[in-house]
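Chains, contacts and geometry: an overview
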Amino acid sequence: MTATTATTQLPRWDDIAAAGGIRNWVDAEITRQGLTDPGASSATTDAEKKAYKARRDEERRVRRLLFKQAWASYKASHIVHLGPGVFWHDTADVDRFDADDPEKKRRDNQLPELKDVEAFAKAVGLSIARLRWLSYHREVETATHYRRWLVPKRDGTPRLISAPKPELKAAQRWIMREVTEHLPVHGAAHGFLAGRSIVTNAVVHAGARIVVKVDIKGFYPTITFRRVKGLLRRAGLGEQVATLMALLATESPRDEVVTHGKTHYVATGPRSLPQGAPTSPSITNALCLRLDCRLSGLARTLGCRYTRYADDLAFSWHGPGKSDIGTLLRAVKAILTSEGFEIHPKKTRVMRNGARQRLTGLILNGTEAKDAAPARVPRETQRKLRAAIKNRELGRPGKADESLEQLKGMAAFVMMTDAARGQAFMARIDKLIAARDGK
């Protein structure tokens, strides 16, 4: 490499490491280019002294360029730093926070072998620099990797949705597919799992004498970067890879602040799971394994059943016998607190079979007919859907808020518990969509 090419082409880090590090490599390059200091003793005339000074100036210039290029090469192949408050060391090592026999843990969980950052970057199809950019934490950012908007909950309060932009989303999907969906999950969990749904969750409690519904307050914000990293390390991943994955899967809640015409995104809390990221559901299910074990044990002790759908916990008593609701709620609160969660007191419901029992949007009682599903969509929802379809068929949609695509989603919801009725709704909506699109 000449002094000219040093400014336009990065050296290979492997070559620098083989030379014994940056300083040794720079010294070797200086020697190779013939810029080694010959000493000033032979410079006697003014011309010789001037030539010597020019040579020394050139050596210093080239040396600075070489150091700059070597450092750039190091940054291209190493993470270096991930922001304030994030521990990072470029040398992979084993420490006391690793799982016992991490390699066995990794194999047991069927996780990919990712020995270092380079292996992880290659697996997700990113350069080291791009991986660092996506995972770097800043308290104040001028750009964001998420698109954010608010949607109303059932009670009317806003819910923040944070959808990752394509490049980050692709990395999160890889983590979800190859890592977090392989982690063990308790049988009481019914949310976001293949073969399970709001229906399988509700059916467990259908026909109950008493149903108790408990909600976890601030579920996703409670699951912070440190908890996600701990989960991944216990699964058998090393410090470096677990740190990067946890950063990619979490983000701080942020406020948009405009100053001098420029928008800044200011962190208002610790990094946690964003609602809208593909990794969040599988991480919550895996992280709640011990919580589900403890609550299932409590339910068995009290003679009731237990399931969890995301942050909704449900308990039910069937048949005659004692139902100690007070003991249940006190114990649930204590267990949630010890597991790092908080009960939402305003959303706790005790539903007896003399009144409507509703869980994850489905009705559990009033389905005694032989041909009725054990859990069903509320009749008012079905009536609203039927009326909306009829009005559109008659050409009088009025001030309807729902689009045809949203009505199709409602029909799919009905189909989950009543296939024939849901398919009939779906067929009518498909005809309306075909007519709208001119097909």
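Residues numbered from 1 in each chain as written. Predicted model: local features only at pLDDT ≥ 70, side-chain atom pairs only at ≥ 80, totals over all residues. Heavy atoms only, no water.

One open sheet holds the 3 strands; their spatial order is β1-β6-β5, and the pairing between them is antiparallel. The open sheet terminates on both sides in strands that have one partner only, identified here as β1 (140-141) and β5 (254-259). Here β1 pairs with strand β6 (residues 262-267) via 2 bridges, running antiparallel. Bridged to V140 within β6 is V266. (Pairing = 2+ DSSP bridges. Helix = DSSP H or I, 4+ residues; strand = E, 2+ residues; numbered from the N terminus.)

Of note, N24 is situated in helix α2 (residues 22-32). On the accessibility criterion, N24 (41% relative accessible area) is partly exposed. Residues N24 and L183 lie 159 residues apart in sequence; the distance between their C-alpha atoms is 45 Å. (Buried < 20%, exposed > 50% of the residue type's maximum accessible area, 1.4 Å probe, protein only.)

This structure, assessed with the given rule, holds 30 salt bridges. Here E251 and R271 are joined by a salt bridge, their closest N and O atoms 3.5 Å apart. Taken together, the positions of E251 in the loop between α11 (239-249) and β5 and R271 in the loop between β6 and α12 (280-287) put the pair 20 residues apart, joining distant regions of the chain. Taken together, the shared-partner salt bridges in this structure form one network comprising E141, R148, E251, R254 and R271. (Salt bridge = Lys/Arg side-chain N within 4 Å of Asp/Glu carboxyl O.)

Okay, the side chain of R254 next. With respect to the element layout, R254 can be found in strand β5. Separated by 3.0 Å, the side chains of R254 and E251 make a polar contact. A distance of 3.1 Å separates a polar atom in the side chain of R254 from the backbone oxygen of Y265. The residues touching R254, leaving out its near neighbours within four places in the chain, are H137, R138, E139, V140, E141, R148, Y265, V266, A267 and T268. (Polar contact = N/O pair within 3.5 Å; in protein donor to acceptor, adjacent residues only side chain to side chain. Contact = heavy atoms within 4.5 Å.)

Turning our attention to the packing of aromatic side chains. Applying the stated criterion across every chain yields a total of 7 aromatic pairs. Summarising the aromatic geometry, the rings of F219 and F341 are spaced 5.7 Å apart at their centres and angled 35° between planes, so their arrangement reads as tilted. Taken together, the residues span a long stretch of sequence, with F219 in helix α9 (residues 219-222) and F341 in the loop between α14 (325-338) and β9 (349-352) at a distance of 122 residues. An aromatic cluster is defined as three or more aromatic residues linked by ring pairs; in this entry it consists of W13, W71 and Y74. R130 extends its terminal NZ or CZ atom over the ring of W133, reaching a point 4.2 Å from the ring centre. (Phe/Tyr/Trp six-rings, centres within 6.5 Å; stacked < 30°, edge-to-face > 60°. Lys NZ or Arg CZ within 6 Å of the ring centre and 35° of its normal.)

What follows is about the environment of Q423. With respect to the element layout, Q423 can be found in helix α17 (residues 419-436). The exposure class of Q423 is partly exposed, given its relative accessible area of 47%. For the pair formed by Q423 and A412, sequence separation is 11 residues and the distance between their alpha carbons is 7.9 Å.

With that settled, consider the sheet that holds strand β8 (residues 312-317). By definition, the strands of a sheet pair up through backbone hydrogen bonds, in either a parallel or an antiparallel sense. As summarised here, the arrangement of the 4 strands in space is β7-β8-β4-β9, forming an open sheet in which the pairing is antiparallel. The sheet is open, and its two borders are formed by β7 (305-309) and β9, each paired with just one other strand. When the angles between neighbouring strand axes are averaged without regard to direction, this sheet yields 20°. With 6 bridges connecting them, strand β4 (residues 210-215) and β8 associate as antiparallel partners. Residue pairing across strands places D215 opposite D312, the latter belonging to β8. (Axes fitted to C-alpha atoms, helices over the stretch in contact; angles between N-to-C directions.)

Moving on, we get to the environment of D418. Here D418 is to be found in the loop between α16 (404-417) and α17. Judged by its relative accessible area of 29%, D418 is partly exposed. Remark: the alpha-carbon pair of D418 and G191, spanning 227 residues in sequence, is separated by 20 Å.

Here the focus is unusual backbone geometry. Of note in this structure, H260 is not a glycine but carries a positive phi near 55°. The residue H260 is located in the loop between β5 and β6 in this model. Given the relative accessible area of 86%, H260 is considered exposed. Unlike most non-glycine residues, A310 shows phi in positive territory, near 60°. Tracing the chain through its elements places A310 in the loop between β7 and β8.

Now for the nonpolar core. Counting residues in hydrophobic clusters, the biggest one holds 65 residues, and the most contacted among them are F120, M245, L295, L313, F315, V332 and F341. Among the elements that line this core, the one with the most residues is α11, at 8 residues. Among all residues touching V332, those that are not within four sequence positions of it are V214, L295, L298, L313 and F315. Within the second largest apolar cluster, 27 residues are counted, among which are A310, A388, M410 and L432. (Core = buried A, V, L, I, M, F, W, Y, C linked by side-chain atoms within 4.5 Å.)

Those residues of helix α6 (residues 128-135) that sit buried are I128, L131, R132, L134 and S135. Each buried residue of α6 lies within a common arc of 165° when the element is viewed along its axis, so the set occupies one face. Where α6 is buried, its residues touch α3 (46-77), α5 (117-124), α7 (166-178) and α11. (Arc of directions from axis to C-beta.)

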